[in-house]
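# Geometric and topological summary
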Amino acid sequence: MPSFRSGVVTSVLSAREGLQRVLVDGERAYVLTALVGSVAVGDSVVVNTTAVELGLGTGGWHVVHWNLSRSSWSSPGGGHIMKLRYTSLQFDAGAAEESDAYVESGLDGMPVVACGLHSQVAAVAAAFKAHAGPTKRLVYVMTDGAALPLALSDLVASLLDAGLLDATVTAGQAFGGDREAVNMHSALAVARSLEGADAVVAGIGPGVVGTGTRLGHTGLDVVSIAHAASALGGTPIVAARYSDADPRPRHQGRSHHTDTALALLASAGVVPLVPDPATEPTPDAAALLAAAHVDVTTMGRTPADDPAFFTWPAAAGAAAARLA
């Protein structure tokens, strides 16, 4: 069950569209301003403390649930399609599919790179832009397999600032992208139709749910992404999860997450492209990310600490560029 407590905002640490990072009674918390509005120093707030108390992957941050210093708050939404449905924070996000400009069509072979971890997106994007050039549009589609608010991703913010991503779409219950989509299939069509995508990189947001079992992890979003891409006439590419530095045996070499996804895709008749950096030229992901001033880690490890982890998704980005 969730845990809540009240406190007072003692400092505003940073702010960008959709997100504030603050201190509440000296403890770190973030505010999803699209859901509860902004806060100021001195405001009394209610924070959800559950994940911090359990030691889970919020990075030690509470979540501001409501600002007690106001009696009401409202922000007009984008349509009648709700996200976070049937919770106390449900809101009218709207959906890009409702737009008159939306044209539902196939993907015409468009490459779609499926990522099982959020940190892979950076290497895919850097390699895609290095090979395809800045005029080819790369759109990020975020699933609802991990963090739901796109605003939480420091990585996506830095990739957009660096010009390595051109637009974002949030699918399912995920929210906060340039476009909102109802599901993965329509998110790919929205990226193509409304954002002019030449290629898509898709995957979970920050955080990952894992149980150590074969099937109980959100890395399997790779399966639904690749299946949707194939069904709509796109070219699915799997950004393999590979590590020479992960201490866990199941993630050493090519991760069991990737192997399980590939087995499930094969049984469903989908044959995604899986680039192998051992057999084809691959850009130096670390150098490309450093040149773009993009900092990224995986489980606390930098590209210098675990180069193979970033090399494999970079190979997928390079393959997408060739197809685009």
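What comes next is a walk through the structure. (Residues numbered from 1 in each chain as written. Predicted model: local features only at pLDDT ≥ 70, side-chain atom pairs only at ≥ 80, totals over all residues. Heavy atoms only, no water.)

### With respect to the pattern of salt bridges
In plain terms, the rule: The salt bridge criterion pairs a side-chain nitrogen of Lys or Arg with a carboxyl oxygen of Asp or Glu, the two atoms within 4 Å. Helix and strand definitions here come from DSSP, where helices need a minimum of 4 consecutive H or I residues and strands a minimum of 2 consecutive E residues; each element is numbered from the N-terminal end.
All told, the structure shown has nine salt bridges when counted by the stated rule. Among the ionic pairs, R5 bridges to D25, the shortest N-O distance being 3.6 Å. On the criterion of sequence distance, the pair formed by R5 in strand β1 (residues 4-16) and D25 in the loop between β2 (19-24) and β3 (27-32) is long-range, its members being 20 residues apart. Each of R5, D25 and E27 takes part in salt bridges that share partners, so that together they form one network.

### Here's the deal with the packing of aromatic side chains
Stated formally: Think of it this way: a Phe, Tyr or Trp ring, Trp meaning its six-membered ring, pairs with another when their centres are within 6.5 Å, and the plane angle makes it stacked under 30 degrees, edge-to-face over 60, tilted otherwise. The cut-offs for exposure are 20% and 50% of the maximum accessible area for each residue type, with area from a 1.4 Å probe on protein chains only; residues under the lower value are buried, those over the upper are exposed, and the others partly exposed. Only when the NZ atom of a Lys or the CZ atom of an Arg is both within 6 Å of the ring centre and within 35 degrees of the ring normal do we say a charge sits over the ring.
Inspection of every chain in the model, using the stated rule, returns three aromatic pairs. With a centroid separation of 5.1 Å and 70 degrees between ring planes, the pair formed by F91 and F175 is classed as edge-to-face. Of this pair, F91 sits in strand β7 (residues 91-92) while F175 sits in the loop between β10 (167-171) and β11 (179-181), and the two are 84 residues apart along the sequence. Here F91 matches F175 in class, with each residue buried. Directly above the aromatic system of W61 lies the positively charged group of R21, at a separation of 4.8 Å from the ring centroid.

### Topic: the pairing of strand β13 (residues 235-239)
We count it as follows: In this scheme, strands are said to pair when DSSP sees at least two bridges between them.
Most of β13 is tucked away, with four of its five residues classed as buried. Both strand β8 (residues 111-115) and β13 contribute to a ladder of five bridges, which runs parallel. Bridge pairing in β13 links C115 to A239.

### So, the environment of A174
Going by this rule: Between two residues, a contact is recorded if the distance between any of their heavy atoms is within 4.5 Å.
In this fold, A174 is placed in the loop between β10 and β11. Spatially, the C-alpha atom of A174 lies 7.4 Å from that of A147, the residues being 27 residues apart in sequence. The contacts of A174, once residues within four sequence positions are left out, are K83, M142, T143, D144, L148 and E180.

### Concerning the sheet that holds strand β9 (residues 138-142)
Inclusion rule: Orientation is described by lines fitted to C-alpha atoms, with helices fitted over the stretch in contact, and by angles between N-to-C directions that extend from 0 to 180 degrees.
On the basis of which strands lie adjacent, the open sheet formed by six strands has the order β11-β10-β9-β12-β8-β13 and parallel pairing. Here the strands that pair on one side only, and so sit at the sheet edges, are β11 and β13. The sheet shows a mean angle of 25 degrees between the axes of neighbouring strands, direction not considered. With five bridges joining them, β9 and strand β12 (residues 199-203) adopt parallel strand pairing. Along β12, the bridge assignment pairs M142 with G203.

### Here we look at the side chain of S153
Heads up, the rule is: Under the rule applied, a polar contact is a pair of N or O atoms within 3.5 Å (in protein, one hydrogen donor and one hydrogen acceptor; residues adjacent in sequence only if both atoms are side-chain atoms).
Relative to the helices and strands, S153 resides in the loop between β9 and α4 (154-161). Overall, the relative accessible area of 2% leaves S153 in the buried class. A polar contact of 2.7 Å, which involves the side chain of S153, links it to the side chain of H118. Apart from residues lying up to four places away in sequence, S153 is in contact with R16, H118 and P206.

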